[in-house]
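The primary structure of each chain is shown beneath.
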Amino acid sequence: MAAKIKRNDQVQVMAGKDRGRRGQVRQVLPSDGRALVTGINMVKKHKRSTGPQQPGGIIEMEAPISLANLAVICASCGAAARLGFRMLEDGRKVRFCKKCNEAID
Ligand SMILES: [Zn+2]
């Protein structure tokens, strides 16, 4: 199955504690079915000091979020869109927004 969500997509969180928030996909982890999204699903991690330049403490970082909880934001209509796939005449497969019917790629 082709990936519906790609790196650098603008996405909206559809479930969980960050529901309704938007961010940009930094990385997709296909084997986990998850993605890292900028500013979404932040968790605090305790970091041990590893030297004078690397003080320990609590850092905030993004935890991977399930792709099932993300929806790509359509650049044309601005909605968190349901996507479909469509074949172009030249054989390329593109994603399109089921709401406004515009191609996403
Ligand atoms: Zn749209």
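A brief look at the structure comes next. (Residues numbered from 1 in each chain as written. Predicted model: local features only at pLDDT ≥ 70, side-chain atom pairs only at ≥ 80, totals over all residues. Heavy atoms only, no water.)

**Regarding the packing of aromatic side chains**
Right, on to step 1. With the rule as written, the count across this model stands at 0 aromatic pairs.
Right, on to step 2. The ring of phenylalanine 96 has arginine 86 lying over it, and the distance from NZ or CZ to the ring centre is 4.3 Å.
Right, on to step 3. Cation over ring: lysine 93 sits above phenylalanine 85, and NZ or CZ is 5.2 Å from the ring centre. (Phe/Tyr/Trp six-rings, centres within 6.5 Å; stacked < 30°, edge-to-face > 60°. Lys NZ or Arg CZ within 6 Å of the ring centre and 35° of its normal.)

**Describing unusual backbone geometry**
Right, on to step 1. For asparagine 41, which is not glycine, the phi torsion reads 60° and is therefore positive.
Right, on to step 2. Relative to the helices and strands, asparagine 41 is located in the loop between strand S3 (34-37) and strand S4 (42-47).
Right, on to step 3. At asparagine 101, a position not held by glycine, the phi torsion is positive, near 70°.
Right, on to step 4. Position of asparagine 101 among the secondary structure elements: in the segment after strand S9 (93-97). (Helix = DSSP H or I, 4+ residues; strand = E, 2+ residues; numbered from the N terminus.)

**Observations regarding the pattern of salt bridges**
Right, on to step 1. Tallying each qualifying case throughout the model produces 8 salt bridges.
Right, on to step 2. Two residues, lysine 17 and aspartate 18, come together in a salt bridge whose shortest N-O distance is 4.0 Å.
Right, on to step 3. For lysine 17, a relative accessible area of 61% puts it in the exposed group.
Right, on to step 4. One salt bridge in this structure joins glutamate 60 and lysine 44, with 3.9 Å as the shortest N-O distance. Note that glutamate 60 is positioned in strand S5 (residues 57-62) and lysine 44 in strand S4, a separation of 16 residues in sequence. Per residue, the accessibility class of glutamate 60 equals that of lysine 44, and both read exposed. (Salt bridge = Lys/Arg side-chain N within 4 Å of Asp/Glu carboxyl O. Buried < 20%, exposed > 50% of the residue type's maximum accessible area, 1.4 Å probe, protein only.)

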